[in-house]
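# Fold and geometry: a report
One letter stands for each residue in the lines below.
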Amino acid sequence: MGPQCPLLVVALASCLLPAPGCIICEPSVVAGLKSLMTDYLPNHLPPEAQESLMKRVEAAVRDFKELPKDDETYMGAVDEPTLQKASWSFLMDLKRIMDTGVEGELFIKELFWMLHLQKESFAQQSAHFLREFYCPNKCGLMLQTLIWCNNCEKEVHACRKSKDCGERQVEVQQMEDMILDCELNWHRASQGLTDYSFYRVWENKTETLVSKGKEPTLAKPMVGPEDAGTYRCELGTVKKSPATIIHFRVKVLPRRIQEEALPQTTTAPGVITTIHQPPYPDKMLKRHLIWLLISGTAVVTAGTATVIFFLRPRKPSRFRFGKGPAQHPQVPNQKITVSKKQ
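The paragraphs below set out a description of the structure included in this document. (Residues numbered from 1 in each chain as written. Predicted model: local features only at pLDDT ≥ 70, side-chain atom pairs only at ≥ 80, totals over all residues. Heavy atoms only, no water.)

With 29 residues, helix 5 (residues 104-132) extends 42 Å from end C-alpha to end C-alpha; this agrees with the ideal 42 Å at 1.5 Å per step. Buried within helix 5 are the following residues: Phe107, Ile108, Leu111, Met114, Leu115, Gln118, Phe122, Gln125, Ser126, Ala127, Phe129 and Leu130. Buried positions along helix 5 lie against helix 2 (27-44), helix 3 (47-62), strand 1 (77-78), helix 4 (80-100) and strand 2 (141-148). (Helix = DSSP H or I, 4+ residues; strand = E, 2+ residues; numbered from the N terminus. Expected span 1.5 Å × (residues − 1). Buried < 20%, exposed > 50% of the residue type's maximum accessible area, 1.4 Å probe, protein only. Contact = heavy atoms within 4.5 Å.)

To continue, consider a nonpolar patch on the surface. On the surface, Leu289, Trp291 and Leu292 cluster together to form a nonpolar patch covering roughly 370 Å² of accessible area. By the secondary structure assignment, Leu289 is in helix 6 (residues 281-311). (Patch = residues over 30% accessible without salt bridge, like charges linked within 9 Å, V, L, I, M, F, W, Y side chains within 5 Å. Areas by Shrake-Rupley, 256 points an atom, 1.4 Å probe, with all protein chains shown as cover. Salt bridge = Lys/Arg side-chain N within 4 Å of Asp/Glu carboxyl O.)

With that out of the way, let us pick up the layout of surface pockets. Any empty space left between the atoms is revealed when a probe the size of a water molecule rolls over them. Taken as a whole, the largest pocket holds about 240 Å³ of empty space. Lining the largest pocket are Asp79, Glu80, Pro81, Glu132, Phe133, Pro136, Met142, Gln144, Thr145, Ile147, Ala189 and Gln191. Every element with two or more residues in the lining of the largest pocket is listed here: helix 4 and strand 2. In terms of residues, the lining of the largest pocket owes the most to one element, strand 2, which gives four residues. Split into classes, the residues belonging to the lining of the largest pocket amount to six nonpolar, three polar and three charged. Lining of the second largest pocket is provided by Arg200, Val201, Trp202, Glu203, Lys205, Glu207, Ala228, Gly229, Thr230, His247 and Arg249. (1 Å grid on protein atoms, 1.4 Å probe; cavity = no way out; pocket = protein on both sides within 12 Å on 5 of 7 lines; lining within 4 Å. Points joined across faces, edges and corners; volume = space filled by probe spheres on them. Nonpolar A, V, L, I, M, F, W, Y, C, P; charged D, E, K, R; others polar.)

Printed below as a string of structure tokens:
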């Protein structure tokens, strides 16, 4: 390129100063274009064509902000996650072209076709941002940081809606824990929020501060009838104004009874009988099982002993009379006389 190379690099670098256009507001995109200018173009494009090419690229990237403005597709600003996603897509396509090593006119055609597709992709991402992430709060004051494409400035946008986010009915049994949750799904995405404050509202409209801090919940263990009533939760902001206000109407129910009723059975037309299950059915079942086990064991043992007693072999009986060895009684010999008839 000769001695004109440093002057050309300076001239091309002046084209890459941050300019309006959303995509080029991201520093990583500026670094990617600078790499295209200093690392790729010198070996793939004649020197006299490099400066004009970079000016056209800069104009094309700046043209990203020239989209039709309406309430559904583009409002001239996006949030930081949307900008980062669009920038990442742009850099991936630019790297893909540079990795192919294409040169000359073919390189220029592919580069500007990629810029055209990326502009369409940015328009789709901007529309998705408006549908899903722009001022997602249904109530309250949300402070959302946006990046404006006309000047690349970050500004806090106030999404103002009714601060009253309604009333919630809470029922809790006596002697159980009460938990009041004041967090809404957009609170963590909002800027400039401070503390959650919970107040007890009395019948005479006076209030007593119950708790204040970063936790969005109020927990009270083992509530009693005196805890029933109205509570108010307020989320503060750095501007000294509340972001959201939520009321809770707490009803304390009677203490939970251990005895549980079985399903109702109908004994006659129009007559409903409720069978009550005795308390602690598990313990009673265990007692019955143990009693049956003991009874069964006793019956089996007795039956086994009886069978053994009757089936064992027996010895012949001997009779003893007085001392000495046992003698069997003997029948005395008798003489039988047979008489002859005279």
